[in-house]
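Chain by chain, the residues:
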Amino acid sequence: MTQYRPFGRTGVQVSPLCLGAMMFGPRGNPDHADGVRIIHHALDSGINFVDTADVYSAGESETIVGKALAGGRRDNVVLATKFHGSLGDDPNQQGNSRRWIIQEVENSLRRLGTDWIDLYQVHRPEPGTDFDETLGALSDLVHQGKIRYIGTSTFEPSAIVEGQWTAERRGRERVVAEQPPYSLLARGIEREMLPVAQRYGLAVLSWSPLAGGWLSGRYRKGAAQPVSSRTERQAARFDIDSPENAAKLDAAEALAQLADEAGLSLVQLALAFVLEHPGITSAIIGPRTFEQLASQLGADDIRLSPDVLDRIDKIVPPGTNFAARDAGYTPAALSDPALRRRHPSG
């Protein structure tokens, strides 16, 4: 039986495994009926938390989730989605402005077939937009009953603290959840993000607990490199000739051997590890098929021994990210040279 966890300090209870819907639609599984069946099986297995985003397959993921929650299932699901990414050529069809938030929430509500969204998340930071502008619009939506709670995704610790300060000083609804990347191969958030979230009582639902497929069991030393739409879209992330990916492959091999010794699959070890951290509320799983879902269900019932956790720490030391891209977001101060040069034009 699923042991539900507190969603921060909201009083809401959620399952340790959150069903991520990124792979429903043309980006992953284009069969709507199959996607609905997968979602239904997850719900019937005790999952009550579903996460999607407006940009997943250009809204089609939300449409599939909406179909799955029709017919009386909506009330028993904690439903999360996100805004920020571009959904058109118009420069205002993206971002964190009041204009876009007010417009896009209506689109998400329509696609999801619901009157309210439980958790509406800022998908990424936008340095050029005052966060009070964003929080003000989101607060209005809370007061209107269109959303219940506000969340962020892949925000840096300083931005999380700024959000809490802004809410307190400006009388806004506060952010109650953060969604960062976290896995056996991407432990960077252990340094500061997770302690900050715990300090402020934020729920944390982590994405990519299988490290983008590196912990699926398909990446092994001496085996042919798996080919998928993801590896084609993000070739650099999976190029095993790069030093950081070669180190990932070594770590994945050692972790797979550890999982075998513990009587677990690598997928089970990876998910159980993420859920072991006291700062993690839920781990987002993103199955494309029934088989993938089946391999992940039940991981929340696994408890890792101190010996196994100690051995994991030796393979991948706490706080380690193998590559900068594993943080999921590059601050503008690093990506824009003009912000580091007093005379950017030369």
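None of these values were measured; they are calculated from a predicted model. (Residues numbered from 1 in each chain as written. Predicted model: local features only at pLDDT ≥ 70, side-chain atom pairs only at ≥ 80, totals over all residues. Heavy atoms only, no water.)

Peer 1: Please explain the layout of surface pockets as it appears in this structure.
Peer 2: Of the volumes computed, that of the second largest pocket is approximately 440 Å³. The wall of the second largest pocket is formed by 21 residues, among which Glu-156, Pro-157, Asn-321, Ala-327 and Tyr-329 lie closest to the centre. Split into classes, the residues belonging to the lining of the second largest pocket amount to twelve nonpolar, four polar and five charged. (1 Å grid on protein atoms, 1.4 Å probe; cavity = no way out; pocket = protein on both sides within 12 Å on 5 of 7 lines; lining within 4 Å. Points joined across faces, edges and corners; volume = space filled by probe spheres on them. Nonpolar A, V, L, I, M, F, W, Y, C, P; charged D, E, K, R; others polar.)

Peer 1: When you look at empty space enclosed by the protein in this model, what are you seeing that I'm missing?
Peer 2: A water-sized probe, rolled over the atoms, reveals where empty space remains. In the structure shown here, the tally under the stated rule is one cavity of 30 Å³ or more. Of the pockets and cavities examined, the largest cavity occupies roughly 40 Å³. What lines the largest cavity is simply Phe-131, Thr-152, Phe-155, Ala-159, Ile-160, Gly-163, Gln-164, Val-175 and Leu-202. Residue contributions to the lining of the largest cavity peak at four residues, all from helix α5 (residues 157–170). (Helix = DSSP H or I, 4+ residues; strand = E, 2+ residues; numbered from the N terminus.)

Peer 1: Help me understand unusual backbone geometry, please; the structure alone is not making it clear to me.
Peer 2: Negative phi characterises most residues that are not glycine, and trans characterises most peptide bonds. At Ser-57, a position not held by glycine, the phi torsion is positive, near 55°. By the element assignment, Ser-57 lies in the loop between β4 (49–51) and α2 (60–69). Since its relative accessible area comes to 14%, Ser-57 is described here as buried. (Buried < 20%, exposed > 50% of the residue type's maximum accessible area, 1.4 Å probe, protein only.)

Peer 1: Explanation requested: the pairing of strand β3 (residues 17–20) in the structure shown.
Peer 2: Within a regular strand, the side chains alternate between the two sheet faces. Of the two faces of β3, the one lined by Leu-17 and Leu-19 and the one lined by Cys-18 and Gly-20 are each fully buried. As judged from the three bridges shared by β3 and strand β10 (residues 282–285), these two strands associate in the parallel manner. The residue of β10 that forms the bridge with Leu-17 is Ala-283. Sheet topology places β3 next to β4; two bridges connect them, and they run parallel. Bridged to Gly-20 within β4 is Asp-51. (Pairing = 2+ DSSP bridges.)

Nothing here speaks to function; it is geometry throughout.
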